[in-house]
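The chain contents come next:
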Amino acid sequence: MAAGTFAEKGADLELVGITKTFPGFTAIRSLDLFIPAGSFFALLGPSGCGKTTTLRLVAGLEEPTAGRIVIGGKDVTSTKPFQRPVNTVFQSYALFPHMSVLENVAFGLRRRGIASPLEKAHEALRLVELDHLAARRPAQLSGGQQQRVALARAVVNRPALLLLDEPLGALDLKLRRQMQLELKDIQTEVGLTFLHVTHDQEEAMTMADTIAVMNRGEIEQMGAPEELYELPRTAFVANFLGQSNLFTGEVVSSTPNALTVAIAGQQLVIPSARAPRRSGTVTVGVRPEKLLLLTAPPAAPSSGVNVLGPGRVIDVSFSGVSTQYTIAVPGIGDVIVFAQNMVFGPVVHVGAEVWVSWNVEHGFGLEDSPAEAAAGVADAASAAGADGDVATSALTTVKA
Amino acid sequence: MSAESVSGGPSWTKPRARGVAGADSGAPRIWSLSADAAAGASTLAKATATPGGSARELEAPVGGAGAPGRRRGIRFRGLGLPVYTALALLFLLIPIAYTFVFSFNNSGKLNIAWQGFTLDKWTNVCAAQGVCEAFANSILVGVVATVLATALGTAIAIALVRYRFRARSAISLLLFLPMATPEVVLGAGLAAQFLSLGVNKGLVTIIIAHTMFCISFVVVTVKARVASLDPALEEAGRDLYGSAVAVFWRITFPLLLPGIAAAALLSFALSFDDFIITNFNSGAVDTFPKFIYIAAARGIPAEANVVASAVFILAIVIVVVAQVTRAARAARLARLRG
Ligand SMILES: Nc1ncnc2c1ncn2[C@@H]1O[C@H](COP(=O)(O)OP(=O)(O)O)[C@@H](O)[C@H]1O
Ligand SMILES: [Mg+2]
């Protein structure tokens, strides 16, 4: 990039068949990715799935074992980090301890010989509301303040592509929400391309235009947040991004409009358009908040509704806006229902006999084979376990 | 003067996320050994340089031994500790005081009996034959060997911590040999090499010898500093458009500086102090320790006392200045935070 000038606007990023193998361990497996210029892209995945490695490859701090990296139409695979129009907000901040906050922020500007670096550094510090601490050393700042300095130090360079490695991880919830909004503002204001790495699905969904869900060094699914949530294609996505009830069974009939799957003697229907696999053993699912809890079997089986039951309520947990019911359905396993608290207290109690129902169009089918689905559920469960979240979905495999 | 007084300033680096010690299974063992060696060297330097430091070290055991006595005899309690302390200090200070006092002796060639007070020896240090030449040689050798050893040792230390290459652990181990080998063996071995290569002994051979043994101490001291330097800082520098050269001079070097400075001071002290290895490899050239050793046979001139006292006073001044600046900096930091 030309010295002394800022990037005019964001650049797009393309990864083609990127593989990264460390001695004895493959961290990234033939990854393909396209991020359009000016977008806010989130790379979401559990700890250790290769997010940081991906960013380091893009920044040039690590060399890919195979594949190409293209930024703004230019192949940068073999260029040095300082030659790439990219800046990183490091997971560990990596602020220079021997320089003042101001000098930290001005570092990149000075290296590129940009005019009046100190003024621009002050400006960037004002953006993150830390200008009053410009003279301090990083060690004299709190974790959250250090993180904001790291952000200012990267943003001040107006890189065509900004890489953020869990930049909000150290902040408390309130500050994190505030910084999420600010980040989003900065991105829209300067029109740069943001590649934001996080393991926090809520953060990814609120901030990003596009999310790529990563697991074990591979991208499982990519798309807009709503799309990923409403139509997950793999069991891992279905359970890492929110929770899902998953059922595995044989396809018994298939029409252009609808697919019927037999689950432990009960029949579930999903729209064919929402089912990538249409024969053999398939896994279908539905989000817990789409389920309706019934205390009596529906009088007449209507066509647009799936019903499972009877089952027994084995757990009720109240969480403010909603209540989570766990229902054991014989032959199927546990089904989770989120019900809005429209009345005071739970509608049913532990031990009650209930049925669950949902609209056919809310169901979805997975691309995963049953074995892949089970592995995906296990991965998502261990990722959730690492975050201290215990609830996982029910997955049952039923022999037809 | 000691390694500790320089590297003991406010720590700049945070504990690293990906510890080098963890990555390098050989490191911790070697490390503890090196820490001991460095500590040993620094206490030695300190004991000779700062009476204050030695007194502090002595107080603890004395107090501990005095505790039961305190319970037995009440009369002894008031006097025991001060008397012990005074005796210990006296014991340590007598040679230095003697040297200092006799630098004012109005002596002839022999500086053994007190002949009356004079400042002549201080104002005309170079009057005695060989004193100033020897001192200048020592300074020259010390400076050149320190610069060479510090530059080479720092480069080696960085390479050993940051890069994986063949024979890395072998080199790590070999670097300890000069510290572990008796100086006589080292000096004689090197002298034999110079002889078989037909090199004329002189200033150059002294400098080579000193650089050789100083490198080990530099590597050990700087390695510790490199290991505690988060590689992410250098990566951030590269990410922020710093070329390899810019990253080294603006990030790596300033962050290693306390370690490098400690290593340089240690090297200089070791070089300035060295007699055995020098004696084997100096030919006709005298360094200050060698001059004194030879002169001791027929009487050390008072001018030598002057030089020794001046060096001692300079060392004390450096230590005091370092302590005062550090205290001032700590106070300023505390004010900024509070
Ligand atoms: N330098 C390295 N050598 C060997 N393995 C590494 C190295 N860096 C990362 N890994 C491994 O690669 C995987 C992905 O790491 P990383 O990209 O840091 O994950 P995360 O998604 O948490 O950021 C991890 O299993 C990690 O142990
Ligand atoms: Mg990471």
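Residues numbered from 1 in each chain as written. Chains lettered and ligands numbered in written order. Predicted model: local features only at pLDDT ≥ 70, side-chain atom pairs only at ≥ 80, totals over all residues. Heavy atoms only, no water.

(A) Examining the overall build of chain A more closely. On a plain count of helices and strands, chain A comes out with 9 helices and 21 strands. When its C-alpha atoms are laid out on the principal axes, chain A stretches across 75 × 50 × 35 Å. Evaluated residue by residue, chain A yields a buried proportion of 53% over its 400 residues. Contacts in chain A between residues at least 24 apart in sequence constitute 67% of all its contacts with a sequence separation of at least 6. (Helix = DSSP H or I, 4+ residues; strand = E, 2+ residues; numbered from the N terminus. Buried < 20%, exposed > 50% of the residue type's maximum accessible area, 1.4 Å probe, protein only. Contact = heavy atoms within 4.5 Å.)

(B) Broad picture of the coordination of the magnesium ion (ligand 2). Residues and elements named next belong to chain A. The protein atoms that coordinate the magnesium ion (ligand 2) are Thr 52 (OG1) and Gln 91 (OE1), at distances of 2.0 to 2.7 Å. Of this pair, Thr 52 sits in helix 1 (residues 51-59) while Gln 91 sits in the loop between strand 6 (86-89) and helix 2 (101-111); the two residues are 39 residues apart in sequence, bridging distant segments of the chain. When its relative accessible area of 39% is taken as the criterion, Gln 91 is described as partly exposed. (Donors = N, O, S within 2.8 Å, 3.2 Å for Na, K, Ca; no water.)

(C) Broad picture of the pattern of salt bridges. Scanning the model with the defined rule gives 16 salt bridges over all chains in all. The salt bridge involving Arg 56 of chain A is made with Glu 62 of chain A; its shortest N-O contact spans 2.8 Å. Neither Arg 56 of chain A nor Glu 62 of chain A differs from the other in exposure class; each is buried. Glu 103 of chain A is paired through a salt bridge with Arg 110 of chain A; the nearest N and O atoms lie 2.8 Å apart. We classify Glu 103 of chain A as partly exposed; its relative accessible area is 26%. One continuous salt-bridge network, built from bridges that share partners, spans Arg 56 and Glu 62 of chain A together with Glu 235 of chain B. (Salt bridge = Lys/Arg side-chain N within 4 Å of Asp/Glu carboxyl O.)

(D) A look at the UniProt feature "transmembrane region" (unreviewed entry) in chain B. Residue and element names in this part refer to chain B. Taking the numbering used here, the UniProt-annotated feature "transmembrane region" (unreviewed entry) corresponds to residues 79-101, 139-161, 173-196, 202-226, 247-272 and 306-328. Split by type, residues 139-161 is 100% helix and 0% strand. Its first and last C-alpha atoms lie 32 Å apart. Here residues 173-196 is 83% helix and 0% strand, with 27 Å between the C-alpha atoms at its ends. (UniProt positions renumbered as here; feature names shortened; annotations may be inferred.)

(E) Spotlight on the domain arrangement of chain A. What the domain assignment lists for chain A is domain 1 (13-228), domain 2 (243-366) and domain 3 (369-400). The C-alpha-based centres of domain 1 of chain A and domain 3 of chain A are spaced at 31 Å. (Domains from an automatic or database assignment.)

(F) Quick peek at the packing of aromatic side chains. Residues and elements named next belong to chain A. Applying the stated rule across the entire model yields 18 aromatic pairs over all chains. On the numbers, 5.2 Å between centres and 10° between planes, the contact of Phe 236 with Phe 240 is stacked. You can see Phe 236 and its partner Phe 240 sitting in helix 8 (residues 235-240), 4 residues apart, about one turn around the helix. On the basis of relative accessible area, Phe 236 is assigned to the buried category, the value being 1%. (Phe/Tyr/Trp six-rings, centres within 6.5 Å; stacked < 30°, edge-to-face > 60°.)

(G) Broad picture of the sheet that holds strand 3 (residues 40-44) of chain A. Residue and element names in this part refer to chain A. Taken together, the 6 strands give an open sheet; going across it, the order is 6-7-8-3-9-10, and neighbouring strands pair in mixed fashion. Each edge of the sheet is formed by a strand with only one pairing partner; in this case those strands are strand 6 and strand 10 (218-223). Going across the sheet, the axis of each strand differs from the next one's by a mean of 20°, ignoring polarity. Pairing analysis gives 5 bridges linking strand 7 (residues 161-165) to strand 8 (residues 193-198), with the strands arranged parallel. (Pairing = 2+ DSSP bridges. Axes fitted to C-alpha atoms, helices over the stretch in contact; angles between N-to-C directions.)

(H) Geometry of the confidence of the model for chain B. Here chain B averages 79 in pLDDT, and 76% of its residues register 70 or above. Overall fold confidence (pTM) sits at 0.75, and the ipTM for the predicted complex is 0.81. (pLDDT = per-residue confidence, 0-100.)

(I) Representation of the pairing of strand 10 of chain A within the structure. Residue and element names in this part refer to chain A. Two elements, strand 9 (residues 210-215) and strand 10, share 5 bridges in a ladder whose sense is antiparallel. Bridged to Asn 215 within strand 10 is Glu 218. Counted between consecutive antiparallel strands, the loop separating strand 9 from strand 10 contains 2 residues, among which Arg 216 sits at a positive phi close to 50°.

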